[in-house]
Amino acid sequence: MDEIDLDRRKVFPWHTSTAAQCLAELKLPDDHQRKGLTTEEAAARLAKYGENKLSEKEKVTLLQRIWAQVANVLVGILVFVAVVSAVRAATSTGQNVITNSIQVAIIVAVIVINTIIGIVQEGSAEKAADALKAMMSSDALVVRNGKDIKIPAGEIVPGEIVKLNLGDRVPADLRMLEVSNLSALEAALTGESVPIDKTVDAIESTGDPMSTPLGDRHNMCFSATLIAQGTGVGLVIATGDYTEIGTINALVSKVEKKKTNVLQQIDIVSKWLAFFITITSACTWFVAFFITGESGIDALTTSLVCAVAMIPEGLEAIVTMTYAWAVKNMSKQNAIIRALPAVETLGSVTVICSDKTGTLTKNEMTLTCFVTSDKRFRFDVNASERTPLNFTVDNNYLAKRADHTKFIKASEVIKKGPSAQRKSRRGKNTFPFGITQSMHPVNAPEVQEPEPEPAKPADDEDEGKAPEPAYAGKGEHPDTAFLRKTLGGGILCSKCVLGEGGGRKGEIGNPTELSILRAAYFGDVDVAGVKESAPLIAEVPFSSEYKFMATVHAPVAENDTEDHLDKLIVHVKGAPDRMIPLCKYQAKSGSFKEEDLEPCDKDYWIEQIAILSSHGLRVLALTRGALEKGSVTQGEQLGPDFVQERGEPWLTIVGLCAIMDPPRPECVEAIRIAHSAGVRVAMITGDHKDTALAIGGMLGLVDKQHSEAITGPEMDAMSDEELRVAAQKYNVFARASPQNKIRIVKSLQAEGEVCGMTGDGVNDAPALKAADMGVAMGKEGTDVAREAAEMILADDNFATIVAAVREGRVVWDNLRKVLMVNTPINNAQGMSVLFGLLLGLDQSPLSSIQVLFCNLICAVTLGFVAAVEPAEDGIMEQPPRRVGKRLIGRFLFLRIAIGTVTLVACTVGSVFWAAELTKNEDERRSQCLNTLSFGAISVTLSARFARKSAFHPRTFHGNPFAWYSYAIMTVGQVFITYTPGLNETIFSMAPMAGELWLIVLLFMIVVLVVLEAEKAVRGYITELKYYEEDMDDAPVVRDTTPLPEEVNRFGRNELSH
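Since the structure is predicted, the reported quantities are computational estimates derived from the model, not experimental observations. (Residues numbered from 1 in each chain as written. Predicted model: local features only at pLDDT ≥ 70, side-chain atom pairs only at ≥ 80, totals over all residues. Heavy atoms only, no water.)

Novice: Could you give an account of the overall build of the protein, with specific residues and numbers?
Specialist: Check the secondary structure of the protein and you find 36 helices and 25 strands. Relative to its 1057 residues, the protein shows a buried fraction of 58%. Sequence separation of 24 or more characterises 75% of the internal contacts of the protein that already satisfy a separation of 6 or more. Accessible area of the protein: about 41800 Å², with a carbon and sulfur share of 57%. (Helix = DSSP H or I, 4+ residues; strand = E, 2+ residues; numbered from the N terminus. Buried < 20%, exposed > 50% of the residue type's maximum accessible area, 1.4 Å probe, protein only. Contact = heavy atoms within 4.5 Å. Areas by Shrake-Rupley, 256 points an atom, 1.4 Å probe, with all protein chains shown as cover.)

This is how it looks when you write it as structure tokens:
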């Protein structure tokens, strides 16, 4: 067997090469399609290329996960304290053994619990790759040694001949050699929402053939996609990692997730805390040893009490609680969070890149406009009640071409629109409006239609107006009988089944055809009754070869007119460019009575198709004809010649159905809210440019600043620097490939944007992982996309993302409030020990057990209050916080410092005050702990509101957990103060007299007044608006991480490692 040039194979343009060239490239004989590989050739190629499977990424072990959680300075300090305590427990006697043992147990428990929490909240990155592998085919039908045999898909090799049938999952990337009405569902890979018809001819390419989007390579079938109809034979050109889905697998496995800003900030805060704790503990040791006169080991114990006091053992738990609470709230709004830290990222998102289909739109093809010879009917795409009032005469609606197509020939507009017809399998083009000659060898003359001139620009005073017939007043509504007749052809010429209540549940058939049935249903037409009244006699089934379907029925008065009751009625529905040359008449205003028939104005209809196509609408023509009774028998097998080969035009065009997937009504408002919150919304779609612009305009994405769209091929031709400019310039990205999506993400990140990306297909997985916030669809999405994303939309609705952004902002605010509560409390515990000794106390005012208890109970109760605080007013009227903004900025640092100083002063002061009233050391420790704990409640009361005063009725409502937490704190403090045995043996405390509680109350009020005074003074002096504080304390952080090498492999079908 000849050797294949592997380097050349990596960029060979299979789709632009003929079948013979493809066989030659793989060193295969001309009769290979019939014979296939021999067993020996297949074995040799299997040894050379390897199995047809996706490679696996090395998984992180449990030990590696544990180490990642404990490898930080604060845990190291805790471990050191635990070791010292264990040594003292082993070498001490009496009560010291119990105290040190309990301290070791508590520290170990804290470390273990925090480690478990950290491991559980990690996203399982490898699950996305696992989901990709699950999509691979299990077996395949191939030709070996001239015979058809079924083999495991893993044994398929390049050069294999594979046969495909309805329902098969494509086992590898194939270049099609033979097709019979074959189409494949490639939405998960390419983003195309409808099945792609397959051909065998080479695709013409004017530029770089590798820039052709996968969705336009209609002579290829791709691994893991599904066959929707027909049969075919293909040549395997890539297997395993070198298929298109293999490229995605490499990206999913290779794109590394970045830490969220909060996690980065927590790391920074932890390092500064560790430095501060070390300095404070060292100072405490020197004071205890040189001033107080303690022994070296006792001074070490005292300094370690200080260290334990200042370490925020409960911080990680409360941060997780904050995330978990937000996750719970989001789940109620159909947003499911997979990785807890991702919640915070939502609050800093500056750009949301959203898919169009199903996210911004309803994912329900809907008739939006019905055009007759002189009227335009607007259909309410959000109709929920059945009434003909859903149709309204509006001759200004979609009556002019979109601005960017006003001066282009009609045929050119239609070629670029969503109803464009690609070349047939025989290679003949259908434009301009001539029937493909090879399909009409005998009787059908070529129809040469004159090309309408480009539309002339309207005068300013006529802009937006269209000529109206005198009898067609705007706002009129047709009756049900009219709709039954005009849309009856769309109902009868269809095998579709409408879903329950006109919805998608239970529907069967092509979405475009179903849109006509749905519109008729909501026009109060009895769709089922229409079908039952006129049973099918014969049909010409639809084929992508001739692009129409025809059905023959007996006449019915309600569906037809009295003029045709002695005839057979033929309904033909199809691509308008195929239908217009076959039409002799047009139905005036949709009426097909004999007296209302008029010659078909082909120029008019061509321009109407161009107008509708310029707005991104798919267009179907409804036509009808009459034949003599008996000319067609029941069940007769009819072919396309039945419609096409009648020597001359014979049909009557009733109207044009303009169809689109309309925007979700709630998304328009959601985008407005996003804009008011300073969040830009961009739409990325695989649809045509005109369709994308039309939807973008309806959603409010197209404005003066972002007035145009850019396409995938245009982005392919750009350098990374040029794309960075384009990513900021455009809000609409059309015909986008997976490569384009990930490049858009990286370009936005390079400009300092925090990027959210939505997706539902396999092709979206790399971009979802690369984005700061990946959002997958829950209803229509693939498992691959869901596993690669941080958030899943249970309702596939863009409005849910905006609600989640609001919740994300709340998370950031509440985390700052958590720090405002916990940090002063922790600092005050340690510094009370230091300053107590420095000012003359002979022993530490707090024991290590008291410190640990205070740390945990304050974090769990008071920290939780801050973690679940509802949003403050105006949160969605402010811009997103800057990238890299410090969690503890200047103003928050000032508040923490004031809170710390006040708490330390009150706590130490209360101990000296108590010393004047009692000589009992345990009572002084009770005084110290209770003053500190109830002072912490005052800190929490103030911290709940960032700017607003706590001296207001709002303090008593809004957060029901606040008062529960205060009650738990109070009961807990009273319990450990007065419970015999527990207070003396464990906590080194004693019951307090009444006057000592008055000191606690007094200092509690002092702490609250000081913090509220700081808040009032700051607000008065700076006159800051809500959350403008700390906005200028960090430079913009730009992500310049290079793209993974695999990005350049999209569409290249590499074969070898």
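After presenting the structure, the write-up continues.
Novice: Which residues make up the packing of helix α33 (residues 921-943) against helix α34 (residues 960-978), and what values go with them?
Specialist: Between two packed helices, what matters for the description is the angle formed by their axes and the separation of those axes. Following both chains from N to C, one finds α33 and α34 inclined at 180 degrees, their axes separated by 11 Å at the closest point. The angle between α33 and α34 falls in the class roughly antiparallel. From α33, S926, L929, N930, S933, F934, I937, T940 and L941 reach across to α34, where they touch Y966, M969, T970, Q973, I976 and T977. (Axes fitted to C-alpha atoms, helices over the stretch in contact; angles between N-to-C directions. Parallel < 35°, antiparallel > 145°, perpendicular 65-115°, else oblique.)

Novice: Pulling in residues and values, what's your account of helix α26 (residues 720-729)?
Specialist: Residues L723, A726 and A727 constitute the buried set of α26. Seen along its axis, α26 keeps its buried residues to an arc of 105 degrees; they face one direction. More than 90 degrees from the buried face of α26, the exposed residues found are E721 and V725. Residues of α26 that are buried make contact with β20 (680-684), β21 (709-711), α25 (712-716), β22 (732-734) and α27 (738-750). (Arc of directions from axis to C-beta.)

Novice: Now, about unusual backbone geometry: what can you tell me, with residues and values included?
Specialist: Within the chain, N181 stands out as a residue other than glycine whose phi angle is a positive 50 degrees. Inspection of the secondary structure puts N181 in strand β4 (residues 173-185). Assessed through its relative accessible area of 27%, N181 is described here as partly exposed. One non-glycine residue, L398, adopts positive backbone phi at about 50 degrees. Among the structural elements, L398 can be located in the loop between β12 (391-393) and α16 (410-416).

Novice: Which residues make up the packing of aromatic side chains, and what values do they have?
Specialist: Tallying each qualifying case throughout the model produces 20 aromatic pairs. The interplanar angle of 50 degrees and the centroid separation of 4.8 Å between the aromatic rings of Y546 and F548 together place this pair among those described as tilted. This pair shows no difference in class: Y546 is buried, exactly as F548 is. Here the aromatic cluster, defined as three or more aromatic residues joined through ring pairs, consists of W285, F286, F289 and F290. Cation over ring: R378 sits above Y397, and NZ or CZ is 3.9 Å from the ring centre. Here the guanidinium or amino end of R386 rests over the ring plane of Y521, the centre of that ring lying 3.9 Å away. (Phe/Tyr/Trp six-rings, centres within 6.5 Å; stacked < 30°, edge-to-face > 60°. Lys NZ or Arg CZ within 6 Å of the ring centre and 35° of its normal.)

Novice: Provide a residue-level description of the sheet that holds strand β25 (residues 791-793), including the pertinent values.
Specialist: The mixed open sheet is built from 8 strands, whose spatial order is β8-β25-β24-β23-β9-β20-β22-β21. Where the open sheet ends on each side, the last strands, each with one partner, are β8 (335-337) and β21. Strand after strand, the sheet turns through a mean of 20 degrees between neighbouring axes, direction not considered. (Pairing = 2+ DSSP bridges.)

Novice: So what's going on with a negative patch on the surface? Which residues, and what values?
Specialist: Taken together, E562, D563, E594 and E595 make up a surface patch of like negative charges. Take E594: it is sitting in the loop between β16 (583-587) and β17 (597-599). (Patch = residues over 30% accessible without salt bridge, like charges linked within 9 Å, V, L, I, M, F, W, Y side chains within 5 Å. Salt bridge = Lys/Arg side-chain N within 4 Å of Asp/Glu carboxyl O. Lys, Arg positive; Asp, Glu negative; His and termini not counted. Charge placed at Lys NZ, Arg CZ, Asp CG, Glu CD.)

Novice: An account of the side chain of R484 is requested, with residue identities and associated values reported.
Specialist: Mapped onto the secondary structure, R484 falls in helix α17 (residues 480-492). We note that R484 is buried and unpaired, the nearest opposite charge coming from E558 at a distance of 5.1 Å. Among the polar contacts listed, one links the side chain of R484 to the side chain of S533, at a separation of 3.5 Å. Each residue touching R484, except ones within four places of it in the same chain, is listed here: V525, G529, V530, S533, E558 and N559. (Polar contact = N/O pair within 3.5 Å; in protein donor to acceptor, adjacent residues only side chain to side chain.)

Novice: An account of the confidence of the model for the protein is requested, with residue identities and associated values reported.
Specialist: Model confidence for the protein is summarised by a mean pLDDT of 81, while 84% of its residues fall at 70 or above. Low confidence marks residues 422-473, where pLDDT is under 50. Its contacts with residues over four positions away, or in another chain, come to 111 contacts. Between residues 1052-1057, whose pLDDT stays under 50, and residues either more than four places distant or in other chains, the model counts 32 contacts. (pLDDT = per-residue confidence, 0-100.)

Novice: Could you give an account of the packing of helix α23 (residues 665-676) against helix α30 (residues 798-838), naming the residues involved and the relevant values?
Specialist: Running from N to C, α23 and α30 point in directions that differ by 30 degrees, and their axes come no closer than 8 Å. Accordingly, the angle class assigned to the pair α23 and α30 is roughly parallel. For the pair α23 and α30, the crossing hand works out as left-handed. Here α23 contributes E666, C667, A670, I671, I673 and A674 to the contact with α30, which in turn contributes F798, A799 and V802. (Left-handed = near helix turned anticlockwise from the far one by under 90°.)

Novice: So what about the nonpolar core? Which residues, and what values?
Specialist: Within the largest apolar cluster, 171 residues are counted, with the highest numbers of intra-cluster contacts made by V632, F642, V643, L656, M791, F798 and L862. With 19 residues, α30 is the single largest residue contributor to this core. In contact with L862, other than residues within four places in its own chain, are V821, I825, I857, A936, I937, T940, Y966 and M969. F222, A224, V233 and Y730 belong to the second-largest nonpolar core, a separate cluster that totals 53 residues. (Core = buried A, V, L, I, M, F, W, Y, C linked by side-chain atoms within 4.5 Å.)

Novice: Give a detailed account of a nonpolar patch on the surface, specifying residues and quantitative values.
Specialist: A grouping of F286, F289, F290, I291, F835, L838 and L839 is seen on the molecular surface, where their side chains present a nonpolar patch of about 700 Å² in accessible area. Breaking the nonpolar patch down by element, the ones donating at least two residues are α11 (261-292) and α30. Top element by residues in the nonpolar patch is α11. It accounts for 4 residues. Take L838: it is sitting in helix α30. On the accessibility criterion, L838 (42% relative accessible area) is partly exposed.

Novice: I'd like a rundown of the pairing of strand β2 (residues 147-152), residues and numbers included.
Specialist: The side chains of a regular strand alternate, residue by residue, between the two faces of the sheet. Across 6 bridges, strand β1 (residues 139-144) lies against β2 in antiparallel orientation. Within β2, the residue paired with L141 across the bridge is K150. Hairpin connection, β1 to β2: the antiparallel pair is bridged by 2 residues, and N145 has positive phi, about 55 degrees.

Novice: Tell me about α34, and name the residues and values.
Specialist: With 19 residues, α34 extends 28 Å from end C-alpha to end C-alpha; this agrees with the ideal 27 Å at 1.5 Å per step. Those residues of α34 lying buried are A962, S965, Y966, M969, G972, Q973, I976 and T977. One face of α34 carries all of its buried residues, which in axial projection span an arc of 130 degrees. Turned more than 90 degrees off the buried face of α34, the exposed positions are P960, Y964 and V971. Elements in contact with the buried residues of α34: α31 (848-867), α33 and α35 (982-986). (Expected span 1.5 Å × (residues − 1).)

Novice: Can you explain the pattern of salt bridges? Please cite residues and give values.
Specialist: Evaluation of the coordinates by the stated rule reveals 31 salt bridges. The residue D31 makes a salt bridge to R34 at a minimum N-O spacing of 3.6 Å. Looking at D31, the relative accessible area reads 29%, which means it is partly exposed. The partner of E364 in a salt bridge is R518, and the shortest N-O contact between them spans 3.9 Å.

Novice: Before we move on, can you summarise the environment of R484 with the specific residues and values?
Specialist: Its relative accessible area of 17% is what places R484 among the buried residues. Note: C-alpha distance between R484 and N559 (75 residues apart in sequence) is 6.3 Å.

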